[in-house]
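Listed here are the chains, written in short residue letters.
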Amino acid sequence: EVQLVESGGGLVQLGGSLRLSCAGSGFSFRTYEMNWVRQAPGKGLEWLSFISSSGSAIYYADSVKGRFTISRDNARNSVYLQMNSLRAGDTAIYYCARVTYDILTGYYPDYWGQGTLVTVSS
Amino acid sequence: DIQMTQSPSSLSASVGDRVTITCRASQDIFNYLAWYQQKPGKVPKLLIYAASTLQSGVPSRFSGSGSETDFTLTISSLQPEDVATYYCQKCNSAPWTFGQGTKVEIK
């Protein structure tokens, strides 16, 4: 069974930092791309970042570029999101998602973790 | 960047009704589109990918169609358990933008 478990969320001060982790199991982690997606309270889904299976390709949404860093450790079956210079607008549930890719179907997140809540407080 | 626009933003329909949600891309994305269902307080769930391919385990009352810039998610016979917010997402390249969501309620 595919499982993704996020951790590392919590309450952080404005301008502070936090590192989220996502541990995958039940699939060959090293062969899948991974995403981070967030959802602010009462709002829609916002794609944040993508990392390829090898880590060689990385992309960010403009809203977090320069502040957030995605990385992965395939030996630990984990993907990370380092979040710096946090703002009130970063308050959200953060989800990691496994991305399945096929040239005919594109990249789509097919399994999601339960999410971890990040609250940025002044 | 390509923008994804869903309509309507919300709808209310009766059990058994046919429900249609549209998603429009600001540029051609071929068939690289996915649909997700998010029930209140739950994690998003993949319903459809490649515009029309039903994810394993998803009820057959859900279907997707469209290509290039115009896409549709249809629920052929709305059920009480379909109360949720539905999102489309472009799946071809970065940024993997979501639509703003369509909230579906029972009348």
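Here the structure is shown first, and the text comes after it.
Residues numbered from 1 in each chain as written. Chains lettered and ligands numbered in written order. Predicted model: local features only at pLDDT ≥ 70, side-chain atom pairs only at ≥ 80, totals over all residues. Heavy atoms only, no water.

Draft legend 1. Spotlight on the overall build of chain A. Broken down by element type, chain A carries zero helices and eleven strands. Taken from N to C terminus, the helices and strands of chain A fall in the order β-β-β-β-β-β-β-β-β-β-β. The C-alpha radius of gyration computed for chain A amounts to 14 Å, which stays within 12% of the reference 14 Å derived for 122 residues, consistent with globular compactness. Structurally, chain A occupies a C-alpha span of about 45 × 25 × 25 Å along its principal axes. For chain A, buried positions account for 50% of its 122 residues. Total accessible area on chain A is roughly 5,600 Å²; 48% of this is exposed by carbon and sulfur atoms. Taking the average place of the 10 positive charges on the side chains of chain A and the average place of its 9 negative ones, the gap between the two points comes to 7 Å. (Helix = DSSP H or I, 4+ residues; strand = E, 2+ residues; numbered from the N terminus. Rg over C-alpha atoms; globule rule 2.2 N^0.38 Å. Buried < 20%, exposed > 50% of the residue type's maximum accessible area, 1.4 Å probe, protein only. Areas by Shrake-Rupley, 256 points an atom, 1.4 Å probe, with all protein chains shown as cover. Lys, Arg positive; Asp, Glu negative; His and termini not counted. Charge placed at Lys NZ, Arg CZ, Asp CG, Glu CD.)

Draft legend 2. Spatial organisation of the overall build of chain B. Across its full length, chain B holds zero helices and ten strands. Reading chain B from its N terminus to its C terminus gives the helix and strand order β-β-β-β-β-β-β-β-β-β. A compact globule built from 107 residues would reach a C-alpha radius of gyration of about 13 Å, and chain B, at 13 Å, matches this within 12%. Relative to its 107 residues, chain B shows a buried fraction of 50%. Taking the intrachain contacts of chain B between residues at least 6 apart in sequence as the baseline, contacts between residues at least 24 apart amount to 56%. Mean positive and mean negative side-chain charge positions of chain B (9 and 8 charges, respectively) differ by 8 Å. (Contact = heavy atoms within 4.5 Å.)

Draft legend 3. Seen up close, the sheet that holds strand 2 (residues 10–13) of chain B. Residue and element names in this part refer to chain B. Strand order across the open sheet formed by six strands is 2-10-9-4-5-6, with mixed pairing between neighbours. Every other strand in the sheet has two partners, leaving strand 2 and strand 6 (53–54) as the edge strands with one partner each. Two elements, strand 4 (residues 33–38) and strand 9 (residues 84–90), share six bridges in a ladder whose sense is antiparallel. Looking at strand 9, one finds that Leu33 is bridged to Lys90. (Pairing = 2+ DSSP bridges.)

Draft legend 4. Just the packing of aromatic side chains, in detail. Counted according to the given criterion, the structure contains 16 aromatic pairs over all chains. When the centroid spacing of 5.4 Å and the interplanar angle of 75 degrees are considered together, the rings of A:Tyr107 and B:Trp96 count as edge-to-face. With A:Tyr107 in strand 10 (residues 106–112) and B:Trp96 in the loop between strand 9 and strand 10 (102–106), this residue pair bridges two chains. Grouped by ring-pair contacts, the aromatic residues A:Trp47, A:Phe50, A:Tyr59, A:Tyr101, A:Tyr107 and B:Trp96 constitute a single cluster. Seen from the ring of A:Phe27, A:Arg98 lies directly overhead, with NZ or CZ sitting 5.1 Å from the centre. (Phe/Tyr/Trp six-rings, centres within 6.5 Å; stacked < 30°, edge-to-face > 60°. Lys NZ or Arg CZ within 6 Å of the ring centre and 35° of its normal.)

Draft legend 5. Broad picture of the pairing of strand 10 of chain B. Residues and elements named next belong to chain B. Judged from the four bridges that link them, strand 2 and strand 10 form a sheet pairing that is parallel. The partner of Ser10 across the bridge, within strand 10, is Lys103. Pairing of strand 9 with strand 10, which is carried by three bridges, proceeds in the antiparallel orientation. Residue pairing across strands places Thr85 opposite Lys103, the latter belonging to strand 10.

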